[in-house]
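Observations on chain architecture
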Amino acid sequence: MDSLEKNQVEEFIIKYSDYYCSETSNYITFEETIKIQDIDESIINVAPESKYIDITFFDNLQDEELLEINSVKKLKEINGKSYTSNPTELRIITKVNKNVFLFELPYKNKYIYFQLQSFINQYPRLNWTETNYKMFVFIINDKDVKFLSDFLSVQNLREKNLSISEKIPVYSKVRYISFNNIYNSIYDDKKLSSYFEFPLTWYSDSNDVIDKILNDQMIVHFFDIICNKKLESCRYLIRGHKTITIDLNGSEMSDEVAICTKELFEFILDIDKHHDKLSLLRNTMTVFLDSHSSELNFYEKADEILKAVKYNFDLYIQDKVKLFLDQKNKLLQEFIITTKKIEDLTNSLISQIRTVSLSLLGTIFLSLLNDLNKGKTHAMINLALLSYISYFSFNLVIVFNQKNQKESLIESLEKYTQSLGVVGNSQNNSLSYETLKEDYLERSLNTFDSYRHWTIVGLSGLIFIFTCLYISNRFHIFSILIDTLKFIIGY
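Residues numbered from 1 in each chain as written. Predicted model: local features only at pLDDT ≥ 70, side-chain atom pairs only at ≥ 80, totals over all residues. Heavy atoms only, no water.

We now examine the pattern of salt bridges. Summed over the entire model, instances satisfying the criterion amount to 13 salt bridges. Residues arginine 158 and glutamate 10 are paired through a salt bridge, measuring 2.9 Å at the closest nitrogen-oxygen approach. A residue pair is termed long-range when its members are at least 10 positions apart, and arginine 158 in the loop between β9 (152-156) and α5 (170-186) and glutamate 10 in helix α1 (residues 3-15) qualify at 148 residues. For arginine 158, a relative accessible area of 51% corresponds to the exposed category. Taking the shortest distance from any N to any O, the salt bridge between glutamate 23 and lysine 98 comes out at 2.8 Å. Taken together, the residues span a long stretch of sequence, with glutamate 23 in strand β1 (residues 20-23) and lysine 98 in the loop between β5 (89-97) and α3 (99-102) at a distance of 75 residues. Exposure class is identical for glutamate 23 and lysine 98. Each is buried. Taken together, the shared-partner salt bridges connect Lys6, Glu10, Glu104, Arg158 and Lys160 into one network. (Salt bridge = Lys/Arg side-chain N within 4 Å of Asp/Glu carboxyl O. Helix = DSSP H or I, 4+ residues; strand = E, 2+ residues; numbered from the N terminus. Buried < 20%, exposed > 50% of the residue type's maximum accessible area, 1.4 Å probe, protein only.)

Glancing now at the nonpolar core. Counting 62 residues, the largest nonpolar core has Phe119, Val154, Phe223, Ile226, Met285 and Phe298 as its most contacted members. With eight residues, the top contributor of residues to this core is helix α6 (residues 211-226). Sequence-distant contacts of phenylalanine 119, defined by excluding residues within four places in its chain, comprise Tyr113, Leu126, Val137, Leu152, Val154, Phe196, Trp202 and Leu214. Core analysis: the second largest hydrophobic core is formed by 36 residues, Ile34, Tyr83, Phe114 and Ile164 among them. (Core = buried A, V, L, I, M, F, W, Y, C linked by side-chain atoms within 4.5 Å. Contact = heavy atoms within 4.5 Å.)

In a beta sheet, neighbouring strands are held together by backbone hydrogen bonds and run either parallel or antiparallel to one another. Here four strands make up an open sheet; going across it, the order is β6-β7-β9-β8 and the pairing mixed. Edge positions in the open sheet fall to β6 (110-113) and β8 (146-148), since each of these has one partner strand only. Looking at each pair of strands side by side, their axes are set apart by 15° on average, direction ignored. Relative to β9, strand β7 (residues 135-139) runs parallel, the two sharing five bridges. Note that in β9 the partner of isoleucine 139 across the bridge is asparagine 156. (Pairing = 2+ DSSP bridges. Axes fitted to C-alpha atoms, helices over the stretch in contact; angles between N-to-C directions.)

Within the secondary structure, aspartate 205 is located in the loop between α5 and α6. In this structure aspartate 205 comes out as exposed when scored by relative accessible area, which is 64%. Sequence-wise, aspartate 205 and aspartate 255 are 50 residues apart; in three dimensions their C-alpha atoms are separated by 8.9 Å.

Moving on to the environment of leucine 306. With respect to the helices and strands, the residue leucine 306 is situated in helix α9 (residues 295-374). For leucine 306, a relative accessible area of 8% corresponds to the buried category. Taking the C-alpha atoms as reference points, leucine 306 and methionine 285, 21 residues apart in sequence, are found 9.2 Å from one another. Residues within four places of leucine 306 in sequence aside, it is in contact with Cys260, Glu263 and Leu264.

Attention shifts here to the packing of aromatic side chains. This model, assessed by the stated rule, comprises 32 aromatic pairs. Summarising the aromatic geometry, the rings of phenylalanine 12 and tyrosine 16 are spaced 5.3 Å apart at their centres and angled 20° between planes, so their arrangement reads as stacked. By the burial criterion, phenylalanine 12 is buried, and tyrosine 16 matches it. Where tyrosine 113 meets phenylalanine 119, the ring centres are 5.9 Å apart and the plane angle is 55°; that geometry is what we call tilted. The pair tyrosine 113 / phenylalanine 119 is uniform in exposure class, with both members buried. Among the aromatic side chains, those forming a connected cluster through ring pairs are Tyr113, Phe119, Tyr123, Trp128, Phe151, Tyr176, Phe179, Tyr195, Phe196, Phe198, Trp202 and Phe265. A cation sits over an aromatic face here: arginine 91 above phenylalanine 58, 4.8 Å from the ring centre. (Phe/Tyr/Trp six-rings, centres within 6.5 Å; stacked < 30°, edge-to-face > 60°. Lys NZ or Arg CZ within 6 Å of the ring centre and 35° of its normal.)

Turning our attention to the packing of helix α7 (residues 255-268) against helix α8 (residues 274-288). Packing of α7 against α8 leaves a shortest axis separation of 8 Å and a crossing angle of 140°. By the angle class used here, α7 and α8 are oblique. Across the interface between the two elements, Leu264, Phe267 and Ile268 from α7 touch His274, Lys277, Leu278, Leu280 and Leu281 from α8. Considering only residue class, the contact of α7 with α8 consists of six nonpolar, one polar and one charged. (Parallel < 35°, antiparallel > 145°, perpendicular 65-115°, else oblique. Nonpolar A, V, L, I, M, F, W, Y, C, P; charged D, E, K, R; others polar.)

Once that is clear, we can look at the confidence of the model for the chain. Caution is warranted with low-pLDDT regions, since their predicted coordinates should not be read in detail. Here the chain averages 80 in pLDDT, and 76% of its residues register 70 or above. Ignoring residues within four places in sequence, the model shows residues 368-375, a span with pLDDT below 50, making five contacts including any to other chains. (pLDDT = per-residue confidence, 0-100.)

Here you go:
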């Protein structure tokens, strides 16, 4: 296809614009009703021969397609010279395939529309083929079209600027992805289906008058996101300080309001505090707006709403910081106290080991001394061995139960940490239970576990040895144990 054919088709449909009927993303449709005798006056006579133009003739009274006629020339041939006096009314449907214009455009995401309003009506159904690239929309019949945002470019086909950067800025795409993740996590797995539903797609820094038609789409998607419920098309319910409904009636938005709306949306575009900010925005809006409002009420109050939201959020942050610091100090103090309790448990274990050792040595010495004086060693040794078995068993039970004490302390501390919502659910990893446990408790817990392990091993060994000694001494079996002991002490 050459450029000449494209230009001829473009010139024809511009001349034929009075008969514009409708369009889809692929075709533009024109409809003309005319009598056969007036056919020479129709612009259809100058339609170029092109595979991208399809003309269909209908008998308007019968509403039947005239299959044998596909051009004005054929119409004249069938009717002969009498066509100039034929009053039969025809309906002419002309469909233009938009590919005649799209082929020459280098962009990955691109659409052609005859008039801007058709694009505005249809964009929710359009596809974004390559998500790393902007959408380029070219308008044929509206001359003063000029709109450019980080996601979207709308311009006149004849005055198109092919030098516009095609890629979406990384920062803008990251913001879209971040918000989609927020939206998905909070609103029951709902996602924005494309950039067209992202309010910032419809914000342009340009001051061109035509921009306002496109800027107005920002307010629609802004309310789609912040409302509690969409009641019907362009009607929203918002709950906050009170419940209000807002109807969007298509009133034009000023540049100042567009900036306020953009800033309000950017205010809630916060991964960490989105829910809190959205609640704050809803409450503030319901204070400033009437129970039944329109976008005009919002436009009048937008600047005050923005200021109030920022002021209230500053107060909210101050309260949060104070609460955070109070809870942080309490939490750190609790960890320090728990650490001391764990250390006390460890010291208790150490004291037990010392007590056991001293008691063992003292009792053996006193028992043997007394037995030597009285000459009744056999029965006294059995009594001493049984006493030690009981004593060591009692201490072993205590050591086992000390684990439950430790776990109870740790469990209570973890529940306390989780109960501090601002700290426990904070994104600040330094105040998470796991981090604080590692910083403050880990070493004391390891020391306690080590001492407890070796105490259990020691006590179990002593119980085993003394039990064997008792059995050997009482029932005269395992004599090797007695013989070994006599050898060691030189008896």
